[in-house]
Amino acid sequence: MKILNFGSCNIDFVYSVSHIVRPGETLTAGSLSQFPGGKGLNQAIAIAKAGAPVYFAGCIGEDDTMLRQVLLQAGVDLTYLKTVKERTGQAIIQVDENGENSIFIYHGANGAVSKEQIDRVLADFEAGDILLLQNEISNLKYLIERSSDRGMKIVLNPSPFEPMLKEIDPRDLFCVILNETEAMQWSDTQHPYDFLFWAQKNYPALHVVLTLGKKGSIYLKDGKMYRQQAFKATAVDTTAAGDTFTGYFLAGLYKNAEVLQGLKMASAASAIAVSKKGAASSIPTCQEVENAIDGMELSPIDTLEEQKEVVRTFIATHIKDVKLSDVAALINYTEDHTCRWVHKNFGMGFSEFLQAERCRIAAEYLKNTDMPIHEIIELVGYNNGSFFRKVFHKYYQMSPLEYRKGKV
Ligand code: RIB
């Protein structure tokens, strides 16, 4: 099995600023540094540094004086990197005092990836080989379709997110690695977990890795969710934290690492990357991660609170037809254990909990929308209006109409 990363390479111009510049504002940057970057390049370097062999394909300008060298030094195979008569891609990056960034990119050579180049490169790869993609090159949809035809395992990091990505058939993909914002953009919802539910329901074979910043990451695989807490880090520059995670995660897949071990290495590597300046230059080697990991502290998140949030969000998004078996599969418990877990954490049995959640959601709709009450009743899964009114009264001591009129 081979790994091919078909992606972008950029020169990153990094400006340190007190805060991200606001519309209409002019700001003086404290410093300007130039680093190798581009999601494709960063992820290829992360894979190589994590100890897996990787081919990098894409386009680079004749003006390049540093990117090839950096890739080669990291051990990336550049057989398929084409030099074109365009400027090498660029990224203008502001990094504020908290290490947060804001980026815009100029595609340049990354926009010169043609269908012919794609066909030529793919001819050297076969079924079962891994293809890693981001969204910074031209002809991405074509690339996905052709590589899927060849039976390659496509891992997509839909970043930066663009509506065009919704035209991709998730059945062509083996795995999606995305952050909270991308997940919400892709599933058109207000909560990143909705992407997990959507994927689980519609594309059960699709692996999903959702990165949640300080709240860690979730890996959804064959109907099971694996969670990894983030490691504590002092953020100097968050650029490429996601790329580092993706590269390490992929190397873990390649090496057949145990699921949780792969997630753990990816989390630790990205925590180390945020504590250093630059994109590619901040990516640690596998040895560095292994040396540091035992001394690294996990970010203090309450996993129980997180788990409760997952369940509540799932119920909210499936309120009409939620089943105990779905909730049990979601948190990886048996149905009996799930009932005991709900009782312990929410203080009531599963059916009563569902009723309470249905009323809570109905109350939200009553308060915040003009939707007719009979529609709200139907929306939360009741087909008997008078039964719903009785249940609602039990929790709110008033009728839905009174509640809407503000008698709360
Ligand atoms: O993910 C970080 C990367 O995004 C930067 O290196 C920049 O080049 C942009 O592509």
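Predicted model, so just to flag it, every value in this text is computed and none were measured. (Residues numbered from 1 in each chain as written. Predicted model: local features only at pLDDT ≥ 70, side-chain atom pairs only at ≥ 80, totals over all residues. Heavy atoms only, no water.)

Focus: the overall build of the protein
Put simply, the test is: Helix and strand labels come from DSSP, where a helix needs a run of H or I of at least four residues and a strand needs a run of E of at least two; each type is numbered from the N terminus. All radius of gyration figures rest on C-alpha atoms, and the globule criterion is 2.2 Å times the number of residues raised to 0.38. Accessible area is worked out with a 1.4 Å probe on protein chains only. A residue is then buried under 20% of its type maximum, exposed over 50%, and partly exposed in between.
Summing up its helical and strand segments, the protein has 16 helices and 13 strands in all. Radius of gyration (C-alpha) of the protein: 24 Å, near the 22 Å computed for a compact globule of 408 residues. Along the first, second and third principal axes, the C-alpha set of the protein runs to 75 × 50 × 45 Å. Buried residues in the protein amount to 50% of all 408 residues.

Let's talk about helix α9 (residues 286-293)
The test is simple: Our arc is simply the arc of the directions from the helix axis toward the C-beta atoms. Residue contacts are counted whenever heavy atoms from the two residues lie within 4.5 Å of one another.
Turning to α9, its buried residues number three or more, namely Cys 286, Val 289 and Ile 293. Around the axis of α9, the buried residues are gathered within 60° of arc, so they sit on the same side. Buried residues belonging to α9 abut α1 (39-49), α7 (241-254) and α8 (259-274).

Section: the nonpolar core
Generally speaking, a soluble globular protein has its nonpolar side chains buried in company with each other. Where we set the bar: Only buried residues count toward a nonpolar core. Its members are Ala, Val, Leu, Ile, Met, Phe, Trp, Tyr and Cys residues joined through side-chain atoms within 4.5 Å.
One finds Leu 4, Phe 6, Leu 133, Leu 173 and Leu 196 to be the most contacted residues of the largest nonpolar core, which totals 75 residues. For this core, the element with the highest residue contribution is helix α13 (residues 350-368), accounting for 9 residues. The residues touching Leu 133, leaving out its near neighbours within four places in the chain, are Phe 6, Leu 140, Leu 143, Ile 144, Ile 154, Val 155, Leu 156 and Asn 157. By size, the runner-up hydrophobic cluster in this structure holds 47 residues, among which are Ile 45, Ala 46, Ala 271 and Ile 283.

So, the site of the ligand
Our working rule: Near is defined per residue: the residue qualifies when any heavy atom it owns lies within 4 Å of the molecule or strand. Pairs of N or O atoms within 3.5 Å make up the polar contacts considered here, provided that, within protein, one atom can donate a hydrogen while the other can accept it, and that residues adjacent in sequence are counted only when both atoms are side-chain atoms. Each accessible area is a Shrake-Rupley result for a 1.4 Å probe, and residues are judged covered by the shown protein chains and nothing else. Amino acids outside the nonpolar list (Ala, Val, Leu, Ile, Met, Phe, Trp, Tyr, Cys, Pro) and the charged list (Asp, Glu, Lys, Arg) are all regarded as polar, and Gly is one of them.
Lining the immediate surroundings of the ligand are 13 residues, of which Asp 12, Gly 38, Lys 39, Glu 136 and Asp 243 lie closest. Here Asn 10 contributes a side-chain N or O atom positioned 3.0 Å from an oxygen atom of the ligand. For the ligand, an oxygen atom lies 2.6 Å from a polar atom in the side chain of Asp 12. For the ligand, whose free accessible area comes to 280 Å², the fraction covered by protein is 97%. Elements with a minimum of two residues in the shell around the ligand: β2 (10-16) and α1. Among the residues making up the shell around the ligand, the classes are represented as 4 nonpolar, 5 polar and 4 charged.

A short note on the side chain of Asn 42
Checked against the element boundaries, Asn 42 lands in helix α1. In this structure the side chain of Asn 42 is engaged in a polar contact, spanning 2.9 Å, whose partner is the side chain of Asp 243.

A few points about the pairing of strand β6 (residues 89-95)
Inclusion rule: Here, strands pair whenever DSSP counts at least two bridges between them.
With 6 of 7 residues buried, β6 is to be regarded as a mostly interior element. Here β2 pairs with β6 via 7 bridges, running parallel. Each bridged residue has a counterpart across the sheet, and for Asp 12 the counterpart in β6 is Ala 91. The pairing of β6 with strand β7 (residues 101-106) spans 6 bridges and is antiparallel. Each bridged residue has a counterpart across the sheet, and for Ile 93 the counterpart in β7 is Ile 103.

Digging into the packing of aromatic side chains
Short version of the rule: In this scheme Phe, Tyr and Trp rings, the latter by its six-membered ring, pair at centre separations within 6.5 Å, and the angle between planes marks the pair as stacked below 30 degrees, edge-to-face above 60, and tilted otherwise.
On inspection of all chains with the given rule, the structure shows 19 aromatic pairs. Between Phe 161 and Trp 186, the aromatic rings sit 6.2 Å apart at their centres with planes inclined by 45°, giving tilted as the arrangement. Pair noted here: Phe 161 is in the loop between β9 (153-156) and β10 (175-179) and Trp 186 is in helix α5 (residues 180-187), with a separation of 25 residues, a long-range link. Taken individually, Phe 161 and Trp 186 each receive the classification buried, so the pair is uniform in this respect. Joined through ring pairs, the aromatic side chains of Tyr 382, Phe 387, Phe 388, Phe 392, Tyr 396 and Tyr 403 make up one cluster.

Describing the packing of helix α11 (residues 324-331) against helix α12 (residues 335-346)
Where we set the bar: Comment: axis = line fitted to C-alpha atoms, over the contacting stretch for helices; angle = value between 0 and 180 degrees taken between N-to-C directions. Throughout this description, any angle smaller than 35 degrees is read as roughly parallel, any larger than 145 degrees as roughly antiparallel, any in the 65 to 115 degree range as roughly perpendicular, and the remainder as oblique.
Remark: α11 packs on α12, axes separated minimally by 9 Å, with the N-to-C direction vectors making an angle of 85°. When the axis of α11 is compared with that of α12, the two are roughly perpendicular. Residue-level contacts link Leu 324, Ser 325, Val 327, Ala 328 and Ile 331 of α11 to Glu 335, Thr 338, Cys 339 and Trp 341 of α12. Class assignment of the residues belonging to the contact of α11 with α12 gives a composition of 6 nonpolar, 2 polar and 1 charged.

What about the state of the cysteines?
Just so we agree on the cut-off: In what follows, a disulfide is any cysteine sulfur pair within 2.5 Å.
Applying the stated rule across the entire model yields 0 disulfides. The thiol sulfur of Cys 59 is not disulfide-bonded, and the nearest other cysteine sulfur, from Cys 9, lies at 8.4 Å. In this model Cys 175 remains outside any disulfide bridge; the closest cysteine sulfur is found in Cys 286, 19 Å from its own.

Things to note about the sheet that holds β10
A sheet is described by the order of its strands in space; here 9 strands give the open sequence β5-β4-β1-β8-β9-β10-β11-β12-β13, paired in mixed fashion. Edge strands, defined here as strands with exactly one partner in the open sheet, are β5 (81-84) and β13 (224-228). Between one strand and the next, the sheet's axes are offset by a mean angle of 15°, whatever the strand orientation. As paired strands, strand β4 (residues 55-61) and β5 are joined by 4 bridges and run parallel to one another. Its bridge partner lying in β5, Gly 61 is registered against Val 84. In the packing of α1 onto the sheet, the strands contacted are β1 (3-6), β4 and β8 (130-133), and the crossing angle to β1 comes to about 160°.

Description of the sheet that holds β2
An order of β3-β2-β6-β7 is seen for the 4 strands of this open sheet, with the pairing classed as mixed. Strands with a single pairing partner mark the edges of an open sheet, and in this sheet they are β3 (31-37) and β7. Between one strand and the next, the sheet's axes are offset by a mean angle of 20°, whatever the strand orientation.

Let's talk about the environment of Arg 87
Its location among the elements puts Arg 87 in the loop between β5 and β6. The exposure class of Arg 87 is exposed, given its relative accessible area of 53%. As a C-alpha pair, Arg 87 and His 107 span 20 residues in sequence and 8.7 Å in three-dimensional space. Excluding anything up to four places from it in sequence, Arg 87 contacts Gly 61, Asp 63, Tyr 106, Gly 108 and Ala 109.

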